Amino acid sequence: MKYNVNRRNFGLGFSSTAMVLLALVLTPTPCVSAEPERNRALKVRLITEYTDNSRQEADPLGVEEFEISPALDLKYAYDNSKVNANLKYTFEHKKYSKKTLDDRSDVLGGGEARFTLVGQSLFWTAYHNRSRLRIDSQKANAQANQTERQLFQTGPALRLNFEGDRTLDFNLSYIDSSFSRDVTNESKQGRFEFDYRQPLNVNSSIGVS
């Protein structure tokens, strides 16, 4: 159990925040199953917070709020000769008892996977990330100043192996970046990358990308 008090002063205004964090672990972390290539963990958290400046305004008007946030953290890793995957997501719901802000549910986090198509030379990769960002860095990190960003990237990867542990990698990716609101730099793009590695000795190598 953790108890924190943070104080903020704005002229004659005063604000204080108290947070109580209660974490209940349902499955030991990490929990390794009978198959060594799998690793998974599950954690349930309950966060309660009281504040007298719910909207984080520079001149607080005494708007009090009691926030309850249950959350579920999920971690999963899988690795064998065909698939390598790592997932880390948080499912969270925020409820405001006095309705000073809208209740909301979030799925935040990211995951990546690499699928082996041919031997150890041809792969397909996929990556996803969802995060909550501040729109205007000059303003408070309140709900009205936040947006959800989703990033998705996928494409093939080719590795050529040469004598002397030399490698040449080619990666072709499609990338989609989007935001929920108030951000205009959404994009869809293609990317080509290559990387050549030449070992120098046991502990060092040189590369060109």
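Residues numbered from 1 in each chain as written. Predicted model: local features only at pLDDT ≥ 70, side-chain atom pairs only at ≥ 80, totals over all residues. Heavy atoms only, no water.

*Asks:* What should I look at first to understand the overall build of the protein in this one?
*Replies:* A count of helical and extended segments in the protein gives zero helices and 12 strands. Put simply, the protein runs from its N terminus to its C terminus through helices and strands in the order β-β-β-β-β-β-β-β-β-β-β-β. Of all 209 residues assigned to the protein, the portion counted as buried reaches 26%. Accessible area of the protein: about 13700 Å², with a carbon and sulfur share of 56%. (Helix = DSSP H or I, 4+ residues; strand = E, 2+ residues; numbered from the N terminus. Buried < 20%, exposed > 50% of the residue type's maximum accessible area, 1.4 Å probe, protein only. Areas by Shrake-Rupley, 256 points an atom, 1.4 Å probe, with all protein chains shown as cover.)

*Asks:* How should I be thinking about the environment of Gln198 in this particular structure?
*Replies:* Checked against the element boundaries, Gln198 lands in strand S11 (residues 187-199). Apart from residues lying up to four places away in sequence, Gln198 is in contact with Arg166, Ser205 and Ile206. (Contact = heavy atoms within 4.5 Å.)

*Asks:* Looking at this structure, how should I read the pattern of salt bridges?
*Replies:* Two side chains with opposite charge may pair up if their charged atoms get near one another. Under the criterion given, the structure shown has 13 salt bridges. Each of the salt bridges in this network shares a partner with another, and the network as a whole consists of Arg104, Asp106, Arg130, Arg132 and Glu148. (Salt bridge = Lys/Arg side-chain N within 4 Å of Asp/Glu carboxyl O.)

*Asks:* It is not clear to me how the side chain of Glu148 should be interpreted in this structure. Could you clarify?
*Replies:* Secondary-structure assignment places Glu148 in strand S9 (residues 146-162). A distance of 2.6 Å separates a polar atom in the side chain of Glu148 from a polar atom in the side chain of Arg132. Excluding anything up to four places from it in sequence, Glu148 contacts Asp106, Arg130, Ser131, Arg132, Ser178, Phe179 and Ser180. (Polar contact = N/O pair within 3.5 Å; in protein donor to acceptor, adjacent residues only side chain to side chain.)

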